[in-house]
Amino acid sequence: MLKLKLIAENPDVFDNFEVIEEQSNRNSASNLYVKGPFIGCNQINKNRRMYKMDDTRNEVQRYVNEMVTPGRAMGELNHPSSADVNLERACHLVTELSEVDDYFIGKAKVLSTPTGQILRSLINDGVKIGMSTRALGQLSEGNDYSVVQNMHLVAIDAVADPSYPKAFVNGILESASFTINQDGRFEQIYEDFGKALKILPKHDVDNYLRAQIIKFINSI
């Protein structure tokens, strides 16, 4: 049985994002885009993990073929603790993802959804916005860092504080494990559930429990 962890990362060059406003003509509504390094490879990141380019390239190409090209590559505002994208929380759509040196440079269109409007307001108010990958994978532990293997890219989410996802990942996201069903869908397993609760602050425990209860009710 292939057991995968939910892993989230921010490229270390978080400040290298640009905001682009495009308008087809004077009378049309403008579209807002965020462009920058969405995925970093071949280097040890702040979470002491490395994504090898050869492995990541194949997974990014799958994601482009199955999600970006058909217009399905939506991301959420901050990371949820799930291995799928909640349409009610979608705030942007990844429209481009291409390899440049040791990075994959992406471009994402801010959507007109409620969370998209929040993202647009944050950008207009001067908040620095970056993109953070949410993926399933296995960690090959080394003496000084871990190598991410069997990566399955779930989404690229919008985040505002690069220090927040790191703490959130260690508390909630990486305590979740998933297996692959016969139909190719990912199913969460809960063997680390108690461990996750012990290391979380109380407000995060409440949020985590609430999310799991809602998810269970929706599944029955």
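Residues numbered from 1 in each chain as written. Predicted model: local features only at pLDDT ≥ 70, side-chain atom pairs only at ≥ 80, totals over all residues. Heavy atoms only, no water.

Novice: Tell me about the side chain of Glu-76, and name the residues and values.
Specialist: Position of Glu-76 relative to the elements: it lies in strand β5 (residues 74–76). The buried category is assigned to Glu-76, whose relative accessible area is 0%. Within the structure, Glu-76 has its side chain in polar contact with the side chain of Arg-134 (distance 3.5 Å). (Helix = DSSP H or I, 4+ residues; strand = E, 2+ residues; numbered from the N terminus. Buried < 20%, exposed > 50% of the residue type's maximum accessible area, 1.4 Å probe, protein only. Polar contact = N/O pair within 3.5 Å; in protein donor to acceptor, adjacent residues only side chain to side chain.)

Novice: Talk me through the side chain of Ser-146; I want residue IDs and the actual numbers.
Specialist: Structurally, Ser-146 is set in strand β9 (residues 146–159). Note on Ser-146: relative accessible area 7%, which makes it buried. A distance of 2.6 Å separates a polar atom in the side chain of Ser-146 from a polar atom in the side chain of Glu-141. With residues near it in sequence (within four places) discarded, Ser-146 still touches Arg-48, Arg-49, Met-50, Leu-139, Ser-140 and Glu-141. (Contact = heavy atoms within 4.5 Å.)

Novice: Explain unusual backbone geometry to me, and be specific about the residues and the numbers.
Specialist: Notably, Asn-42 is not glycine yet its phi reads approximately 60°, a positive angle. Residue position: Asn-42 is located in the loop between β3 (31–40) and β4 (49–50). Its identity is not glycine, yet Asp-101 carries a phi of approximately 55°, on the positive side. With respect to the helices, strands and loops of the structure, Asp-101 is situated in the loop between β6 (90–100) and β7 (103–110).

Novice: Account for the packing of aromatic side chains, naming residues and giving values.
Specialist: Going through the model one piece at a time under the given rule, you end up with one aromatic pair. On the numbers, 6.2 Å between centres and 25° between planes, the contact of Phe-17 with Phe-38 is stacked. Separated by 21 residues along the polypeptide, Phe-17 in the loop between β1 (4–9) and β2 (18–22) and Phe-38 in strand β3 bring together distant segments of the chain. Judged by its relative accessible area of 15%, Phe-17 is buried. Since its relative accessible area comes to 1%, Phe-38 is described here as buried. Stacked on the ring of Tyr-33, the Lys or Arg Lys-107 has its end atom at 4.5 Å from the ring centre. (Phe/Tyr/Trp six-rings, centres within 6.5 Å; stacked < 30°, edge-to-face > 60°. Lys NZ or Arg CZ within 6 Å of the ring centre and 35° of its normal.)

Novice: Give me the pairing of β7: which residues, what numbers.
Specialist: With six of eight residues buried, β7 lies mostly within the body of the structure. Hairpin connection from β6 to β7: two residues lie between these consecutive antiparallel strands, with Asp-101 at a positive phi of about 55°. (Pairing = 2+ DSSP bridges.)

Novice: Quick rundown of helix α2 (residues 114–124)? Include the residues and the values.
Specialist: Considered for burial, the residues of α2 that qualify are Thr-115, Gly-116, Leu-119, Arg-120 and Ile-123. Down the axis of α2, the buried set is contained in an arc of 145°. They therefore lie on one face. Facing away from the buried side of α2 by over 90 degrees, the exposed positions are Pro-114 and Asn-124. Directly beyond the C-terminal end of α2, a positive phi value near 90° is found at Gly-126. (Arc of directions from axis to C-beta.)

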